[in-house]
Each structure stands twice: as C-alpha cells, then as structure tokens.
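What the coordinates show
Residue-level listing of the chains:
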Amino acid sequence: MIKLNSNVPEGNIAEKWTNHKFNMKLVNPANKRKFDIIVVGTGLAGASAAASLAELGYNVQSFTYHDSGRRAHSIAAQGGINAAKNYQNDGDSVYRLFYDTVKGGDFRSREANVYRLAEVSNNIIDQCVAQGVPFAREYGGLLDNRSFGGAQVSRTFYARGQTGQQLLLGAISALNRQIGKGQVKLYTRREMLELVVIDGHAKGIVCRNLVTGEIEKYSAQAVVLATGGYSNVFFLSTNAMNSNATAAWRAHKKGAAFANPCYTQIHPTCLPLHGENQSKLPLMSESLRNDGRIWVPKKKGETRKANDIPEDERDYYLERKYPSFGNLSPRDISSRSAKEVCDEGRGVGGSEAVYLDFAEAIGRLGKKVIEERYGNLFDMYQTITGENPYEVPMKIYPAPHYTMGGLWVDYNLQSTIPGLFVLGEANFSDHGANRLGASALMQGLADGYFVAPYTVGNYLASEKPAKVDTDHVEFGNAVKTVDDKVQKLLSIHGKHTVDEIHKKLGRIMWNKVGMARNEKGLNEAINEIKELREDFWKNLNVVGEYKDLNQTLERAGRVADYLELGELMAVDALDRNESCGGHFREEYQTEEGEALRNDNEYSYVAAWEFQEVGKWQLHKEHLEFENVKLATRSYK
Amino acid sequence: MSSENLNLTLKIWRQKSPTSVGSFEEFKVSVSPDASILEMLDELNNDLEREGKIPVAFESDCREGICGTCGLVINGHPHGKIPKIATCQLHMRNFKNGETIYIEPFRAKAFPVIKDLIVDRSGMDKVLQAGGFISVNTGGVPDANEIPISKDVASHAMDAAECIGCGACVAACKNASAMLFVGAKVSQYSFLPQGQPERFQRVQSMVAKMDEMGFGSCTNTYACEAECPKGISVINIARMNKDFISAKIKSELTEV
Ligand SMILES: Cc1cc2nc3c(=O)[nH]c(=O)nc-3n(C[C@H](O)[C@H](O)[C@H](O)COP(=O)(O)OP(=O)(O)OC[C@H]3O[C@@H](n4cnc5c(N)ncnc54)[C@H](O)[C@@H]3O)c2cc1C
C-alpha cells in the first residue's frame, strides 16, 4: 500500500530549498555518465529537464509523440510567464508571488513547493534571456511586464502573444545543443504506453513507434514524465489535439497515486462553440482582460447587436461584483460568473457567450496601441470567426484549459514510485485548486531547469539504482500488456468511431463534472461513464493495422484511458464536499454564490491509489498553512 | 455565424508508404462554412471509419496556427491561398459551393512522404541541432536586465523568431531551399547581444548541415515569404548571407 510522505525539508520556509540543496547527495562529475535517464515529453518541463540533466553529464533519452520536440503543446501558450523580479517597483517579491499563488490556489497547495516556485522564478527569466528569448522590452531597453488575473502587481513577462512559443524554442534550443553533442538521444514519433517497474522502482518505458507500429523497450535508472495535462478528457478544450493523459494514466495503474483529479481549470476567455464538427475551443489570451471589458445585456433575450445596446443597458458583471479586481478576477471566478449570466438567459443572443469589448480601450489608447498589444490575437479571432474585433466586441465563453490535478509528487517531484519523477502540468504540485495565469510556464520551467536536475541527481546518488537490461521479464510483461490492449482495440469491429465515444464522454464531463457540480450529477456521471466504457469495449470500430501508422488506433488508446480517468475525476469531485477554486460544488456556496471551503475537513490533497478499473483507494496528505493564513478568498 | 453547408469535391493525395506510388482519391463532402479545413477532414475521416475504410492520414496539433505541425498544399499553395495563416486556420467560408479542392502533402526532396499527407521534416531539426542555439548551461547566467536591448532590436529578433518551423517555405520553393527557415534562426541570434559570441561559427555550422540534409539553394524567387504563415521576411536570408560571407572571410583570415 502507498504511503504518502511529502518529504518537505525542515526549517523556515525561505530556507527550505537552500538547505535541501545543500543536504542532497551529489553524483561526482565522472560518474554522471554512468547514469541513464529517460525523459518523456519535450514541452517546457521535459525539454528544460532533459537539456539541464544532459548538461550535467547524464545520458538522457528524450521521447515525444510529435515529429519534432518543438511541437509540444507548450508552444501554444500565449500570454506570459510570471516572475517575482519586481522590475516595476510595484511591491512584488518572492513572498508576494508565493502568497498570491497559495491564495489563488484557494489554499489547497503545498506551501513549501509554492515557495520554491516563487524563489526560482527569477532564475527562469535570466536563463531564458541568456538563451536569446526575445521578451518584450521598454524603450530604455529593459524588460516589459504586464498584469494577469489574480495579481495586483505587474509581474508577467511576455513575447508578443507567443510567450510559450519563444520559451519552448529557448528550451528546445538547449535540448538541440545536447542532441548535437550526443548527450541526449531524441526519439520522436514514439508514444509511451507502459511504465516498467522492477522491485518497486521505475526502470524504463515501453513505446509504440507511431510510424512502424513496432513496440519498443527502453531502460534507464530513472524516468521523468513531463507529459502535460488531461483537459482533453472533455473532448473540447483549449489543448492541442494530441494532448492526452495516457503516460500519466499508465503510470498511475502501475502504482503512482493520482492527486486531486477533480481540479480542472475552465478558462474564461475562449471562443464559443459554433457547431457539432468543432474540434477544439481556441483560447483568446487572458491578457486581453487587461484592456477588454466583459459584459452581457442587462435584459434577458436581448436581440439587438452589441453596438446598438446603450451603456446603461449593459451589465459589466465582473466590475460590478468584484470592484477591486474587476475584469482581472481569477479564472475560476470569471468563468463561473459567465456561466451564471448565461444560465440567467443573458448570454449573447441567448447562447453561451459573453462580450469582451475593446471599444473603451481603443477610445482611450488608440487603435495603434491595442494593435501593438494584441494584434495577433485580434487577427486570430477574425480568421476563425470572420468578425472584426476592432469594430464589434469579441464573443467569448469558458472552456476546459488546464488541469491542476495530476500524478502525486513529493517535494522532490518524485511520485509514489521511487525513480519516477513527474514535472510540469502532469504533476499536481503547485497550483492547488486553481492556477493563476502565467504560472504554468513558470512551473514547467522551474521543475525542469531548477528542481529536477538536483532531485533526480539526489535519487541516483543515494539509491545507486542498478541498470536493468530490456530482456528482463518485467519488460516482457509490459510489452505484453501493450500488445494485448492494441490487439483488443483492433478486434472489436463495432460501429462507433473513436471520436463519437470521445464526444459523448466530453458531454458527460462538461455537463456534470464541469464548472459546477453536485452530488446527483456526479453520481449520474459515474454511472454514465461506466456504461460508456462498456460500450467502448463492445462497440468500438478501430480501422487500420497494428504495424502501420494508424492515428485511429492512437486515439482509441487515449480515449480508453480517458474513460477511466473521467470516472476518477467524478469520484474525487464527489468525495470533496466543499467548493474550492476550480472545483465548485453547488451544495457548498455562500449566500452570494461564492465558493465555500471547508478547511476543517478538506484541507488535504486527495491522492488516489489504483486498485482495479473503477476502484481506487483514497490517501490523504494533510496540508498545513504556517505562512499564509487560511482565509476566504476575496477579490471584491 | 453559420449559413448553409458547402458541397465540395475533394481530391486528396493518398500514399500508403514512403516507397509506394501515390495518387489522388476523390471524395464528395458537405461541410459547414464555419468549419476549418482540418475539421472537414476530421469529419471525412469519421465517415470513412464508419464505412470501415482507412481514414486520410494528416497531422495537426494546436489548431491555432502556432505549433507548425499541420501543413497541407491546398490548390497548389502550402497552407492554402490566403496569406499568413497555417492550414488549421483556413476556414471553409473561404471556398465556394461546388468547388473542387486539391489537397496534397508538402513536396520536397528533403521531406519524404511517410503516409498520405504526412511528411518527414526532421531535416529541419538536424539543422538546428547543428548550431541553432546559444551555448549557455542552466544557471550561472547574468540578471535578465543586466544587458539592455533596445526595443527595436528585440522587436526585429522577435520578427525572425516567430517562425513556426512548418516547412512551408521549403515546400513553396522550386529548389526546396530552407534558407528562410535557417535565415530566420540565424537572424534572431545575430540581432541579440547574447548571440554575438558564436555568431559566425553558428551560421557556418547551420549552412553546412542544411546543404548536407538535401535542401536546395536560394534563387531569390521569394515564394517562401509569400507562403510563410507568419510572414517571415526574405531580408532574413540576406542577413544570413552577409553573416556567412563575413564568417568565411574571418575564418580564412585566421587560418594560418
Ligand atoms: C492555448 C493555451 C495557452 C496557454 N497560455 C499560457 C500562458 O500564457 N501562461 C502560462 O503560464 N500557461 C499557459 N498555458 C498552460 C501551459 O501552456 C501548459 O500548462 C504547459 O505548457 C504545459 O507544459 P508541459 O511541459 O507540462 O507539457 P506539454 O507542453 O503539454 O508537453 C507534453 C509533452 O509530452 C509528450 N507526451 C505526452 N504524452 C506522451 C506519451 N505517452 N509518449 C510520448 N510523449 C508524450 C508530448 O509529445 C509533449 O512533448 C496555456 C495553455 C493553453 C492550452
């Protein structure tokens, strides 16, 4: 049975990381090359970790299902990355970033991890600039900042509307340098489908070569997963088409506890749904909320066009309800407020959409300034919708965007399986029940550049894990598990396509495990998901061959995992009889409709141990708040 | 938004494997004008799967025009005729009812077809691995504001850095040259103070690798810039050439 030990070092919060780094064991430089490390994922977390570990001298094998490392989903991040530089002299500090993140996460994160994140945030910006990341600058040549939701200081660094792209290209350039040197071997178009665990330690992975269909075995003395989040369980989300939970889920089934699966972030500013064949909900960066004002008509069933609705008949509901944060209120609050006004029948044209209006900002600053700030986002909006946002307000609606939950890790980012480390969005570590904007990029790079290189080294130095040959029986067993599953998927010959079932699952998740949840809906969701899972294994149709490039088969494997994970999300949401951050239980709210936490009973991380499909055991990691006083979040 | 569906004829390139002979296959579809061209292919593929037929293999990921994964030649143009968008951003409202649309993979010697519309673009990454970086290790770097960089310089570097690495420039070029792609990376670093120490060595390593990978030479037709989804300017090619010549002179001078 799993035992959770957060391994948070002793001492004052500000000194924990420094002391811990000193106390960790080191691998002598000449011995580093004797260790092999597998890093799955080449997003911000994976690329930065693989490059940094290789620079230290370890042999790294890096894996991605993409054709190139640079395609990872991180590339799509738009708005920016936080750091506590206080370049603006507006009162920022490591402590304030720490405080904002704990509060933004609605007091459901581990203080020590969050403090470390804030602490290393400044190194990230230094690192990226040294790599040639062209961040936005002011006229004097110094770095520029913007504001993001949930903060009253300007601490977000950005590169136009393509911050993720520039940061990832920076990390990938570091990775490329190590590939060129032979210190990293990159395997593209490989999908990890099993984790190999030998005597309780992670020892390797099994992949499917997505071009040839061959099943391949790779062994190492430590395995790092940086495989991203699971928002695509909803079918429609802001995530890239291929983002999926399979690597994390298969590791979960091998013994890695899954923490807080119900904490999902629904992003307030996405494009609304236009039709059945839609494949994703593109994000409009939250940075737009710096200058855009969000409103709906005061009147139900309004039929006039936006520009014909007079000022006094508009409800700027965020400014009204949260005067001090207004349009920059945190994501969970903004999303829920949008749902509320649409549920009241005040959505644009009676649909699920609200306005994001730049008329006032254009009047105040001029079109040129707005174009400079958001030009590419405005262009993107126009390309997709055919409407010009300089002239008519954008229409937006919340969509699944980020998953705070993920594999449970201790302070060292090690999962409940020794030797298996989990970084970036794939772990649960730093954002509690709600992530603040521009903090995912920060976390991914913090984990990869500045945490894992130390903690993985410490594991190797103290455990001295042995090398295992891929002829070992456990590798054989892992291959068999993968092979059986693929054969089974190909032999059902039913009538449903993979997308049909995935869309059905998405609808259950969105309606019952989405922005607002209640006991009845969650119980229904659990049953419906179980039924759908049965239907999947009985009536699915996967065309094409095993030993060939077969995208239908790839998607089928991922949806099979979503059908298990989706259930766990509902189970976790049902267990948590409180509202916090992205988890809103309708039964638990204040008279004003705000989330009502229950700190006495639910100040814990819910870490679920897999027993069999549809059956888990809950373990609780109790959370202590010694530095940030537990308080009701207020953005009024 | 939506109005009536469009009825279209698609001629799509089908090729089972790198070595097999490919050909166009015809499909009739009815699609919402609000759908993107990739969503149209998703639907077509679901229809094919329902009939037990093999769907059309094509790649895409972010569907927001930034990851560079998608890349189809549509009616002869990489990413279609509309300037400055990637394939995933091409919406069907830009086509007329009754139209025939040709959909092919990127074609270039350095981009062998893997299956149907999927090609192997790994040659581009090899060029980056040869020198597309600034050699700094993690940690031990100066404070980010230690070296001021003028807004203009940062902005020029960013213009070059916006390249999404999709390979449309190569596919658009009659010589299958990768000069725009490589030039953009070289320029980004050449603008920045951080890129100066390795400036001349970098350009030489990258150009040598580019030639080795089978990319052709540049004959200044500017088709690359015209088809680039990010509008990367051919000025970057001139900048790279300048650095390349300077590098050659320098290396000859230092040879003894
Ligand atoms: C549209 C959008 C905009 C965003 N904007 C911002 C922003 O402005 N600021 C911010 O802080 N955050 C933002 N985020 C969130 C942020 O981008 C992500 O949380 C973050 O980039 C995740 O990074 P990662 O390295 O953990 O994973 P990813 O970037 O998702 O990378 C996952 C990697 O794992 C690989 N992989 C996964 N599974 C397997 C497998 N089974 N086998 C082999 N390889 C596998 C993939 O190929 C990929 O390389 C945004 C997110 C979205 C969707």
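Residues numbered from 1 in each chain as written. Chains lettered and ligands numbered in written order. Predicted model: local features only at pLDDT ≥ 70, side-chain atom pairs only at ≥ 80, totals over all residues. Heavy atoms only, no water.

1. Quick word on the side chain of Ser32 of chain B
For clarity, the cut-off: For the purposes of this entry, the term helix denotes a DSSP run of H or I that reaches at least four residues, the term strand denotes a run of E that reaches at least two, and both are numbered from the N terminus. Relative accessible area decides the class of each residue, using a 1.4 Å probe on protein chains only: under 20% of the type maximum gives buried, over 50% gives exposed, and in between gives partly exposed. Think of a polar contact as two N or O atoms within 3.5 Å of one another; within protein, one of them needs to be a possible hydrogen donor and the other a possible acceptor, and neighboring residues in sequence only count if both atoms come from side chains. In what follows, residue pairs with any heavy atoms lying within 4.5 Å of each other are defined as contacts.
Tracing the chain through its elements places Ser32 of chain B in the loop between strand 2 (23-31) and helix 1 (37-50). Here Ser32 of chain B falls in the buried class, since its relative accessible area comes to 14%. Side-chain polar atoms of Ser32 of chain B contact the backbone nitrogen of Asp34 of chain B, separated by 3.0 Å. Once residues within four sequence positions are removed from consideration, Ser32 of chain B is found in contact with Asn277 of chain A together with Asn5 and Met92 of chain B.

2. A short note on the sheet that holds strand 14 (residues 354-357) of chain A
Sheet strands pair by backbone hydrogen bonding; their relative direction is either parallel or antiparallel. Residues and elements named next belong to chain A. To keep things clear, this is the line we draw: The rule for pairing is simple: two strands pair if DSSP sees at least two bridges between them.
Spatial ordering of the open sheet is given by 11-15-14-12-13, a layout of five strands whose pairing is antiparallel. Two strands close off the open sheet at either side, each with one partner strand: strand 11 (264-270) and strand 13 (314-315). Relative to strand 15 (residues 394-403), strand 14 runs antiparallel, the two sharing three bridges. Paired with Val354 across the two strands is Ile396, which belongs to strand 15.

3. A look at the site of the ligand
All names here are of chain A. Heads up, the condition is: When we say a residue is near a molecule or strand, we mean one of its heavy atoms is within 4 Å of it. A 1.4 Å probe that fits into a set of points on a 1 Å grid over the protein atoms alone but cannot get out defines a cavity; an open set with protein on both sides within 12 Å along at least five of seven lines defines a pocket, and lining residues are those with an atom within 4 Å of a point. To qualify as sitting in a cavity or pocket, a molecule needs more than half of its atoms within 2 Å of the grid points. Each residue gets one of three labels, nonpolar for Ala, Val, Leu, Ile, Met, Phe, Trp, Tyr, Cys and Pro, charged for Asp, Glu, Lys and Arg, and polar for the others, Gly among them.
Taken together, 37 residues lie near the ligand, and Ser74, Gly79, Met192, Glu425 and Leu441 sit nearest. One nitrogen or oxygen atom from the main chain of Met192 is found 2.8 Å from a nitrogen atom belonging to the ligand. Judged by the proximity of its atoms to the pocket grid, the ligand belongs to the largest cavity. For the shell around the ligand, the secondary-structure elements that each account for two or more residues are helix 3 (44-56), strand 6 (190-198), strand 15 and helix 12 (440-463). Element by element, the count of residues in the shell around the ligand is highest for strand 6, at three residues. For the shell around the ligand, the class distribution of residues is 16 nonpolar, 17 polar and four charged.

4. Overview of the sheet that holds strand 18 (residues 604-612) of chain A
Residue and element names in this part refer to chain A. The condition is simple: Orientation is described by lines fitted to C-alpha atoms, with helices fitted over the stretch in contact, and by angles between N-to-C directions that extend from 0 to 180 degrees.
The sheet built from four strands is open, its strands ordered 16-10-18-19 with antiparallel pairing. The open sheet is flanked by strand 16 (406-407) and strand 19 (615-622), the only strands paired with a single partner. Strand direction decides the pairing type here: strand 10 (residues 258-259) and strand 16, joined by two bridges, are antiparallel. Note on strand 16: the bridge partner recorded for Phe258 is Leu407. Here helix 7 (residues 246-253) sits on the sheet and contacts strand 10, strand 16, strand 18 and strand 19; the angle it forms with strand 18, its principal contact strand, is near 70°. Contacts from helix 16 (residues 551-575) reach strand 10, strand 18 and strand 19 within the one sheet, and its direction differs from that of strand 18 by about 135°.

5. As for the interface of chain A and chain B
Note: interface size is frequently given as the accessible area lost on complex formation between the parts. Definition in use: Note on definitions: buried area is the accessible-area loss of two parts on being combined, 1.4 Å probe, summed for both. By definition, a salt bridge exists where a carboxyl oxygen of Asp or Glu is found within 4 Å of a side-chain nitrogen of Lys or Arg.
At the interface, 73 residues of chain A touch 73 residues of chain B. Summing both partners gives a buried area of about 6300 Å² for chain A against chain B, and 48% of it is carried by carbon and sulfur. Seen at the junction of chain A and chain B, the total is nine salt bridges. Between Asp548 of chain A and Lys115 of chain B there is a salt bridge, with the nearest N and O atoms lying 3.2 Å from each other. On inspection of chain A and its partner chain B, the count reaches 54 residue pairs in polar contact (both at pLDDT 80 or more). Those elements giving two or more residues to the side of chain A that touches chain B turn out to be helix 3, helix 5 (111-131), helix 6 (163-181), helix 11 (367-385), helix 12, helix 14 (498-512) and helix 16 of chain A. For the side of chain A that touches chain B, the leading source of residues is helix 6 of chain A, giving eight residues. Class assignment of the residues belonging to the side of chain A that touches chain B gives a composition of 27 nonpolar, 30 polar and 16 charged.

6. Digging into the pairing of strand 12 (residues 293-297) of chain A
All names here are of chain A. The element strand 12 is largely enclosed, with a buried count of four among its five residues. Across three bridges, strand 12 lies against strand 14 in antiparallel orientation. By the bridge assignment, Ile294 is partnered in strand 14 with Leu356. In this sheet, strand 13 lies alongside strand 12 in antiparallel orientation, the contact comprising two bridges. Within strand 13, the position partnered with Val296 by the bridge is Asp315.

7. Examining the domain arrangement of chain A
Residue and element names in this part refer to chain A. Selection criterion: Each domain's limits were defined by an automated method or a database of domain assignments.
Taken domain by domain, chain A holds domain 1 (268-398) and domain 2 (478-596). With centres defined by C-alpha atoms, the gap from domain 1 to domain 2 works out at 30 Å. Regarding the contact of domain 1 and domain 2, the summed buried area is about 820 Å², with carbon and sulfur atoms giving 52% of it. The largest per-residue losses of area from domain 1 upon contact with domain 2 belong to Glu276, Arg336 and Lys339, which jointly make up 54% of the total buried on that side. For Glu276, the salt bridge goes to Arg507, with nearest N and O atoms at 3.8 Å. Viewed at the interface, domain 2 and domain 1 are joined by three residue pairs in polar contact (both at pLDDT 80 or more). Taken together, the elements giving at least two residues each to the side of domain 1 that touches domain 2 come down to helix 9 (331-343) and strand 15. Considering every element that reaches the side of domain 1 that touches domain 2, the biggest residue donor is helix 9, with five residues.

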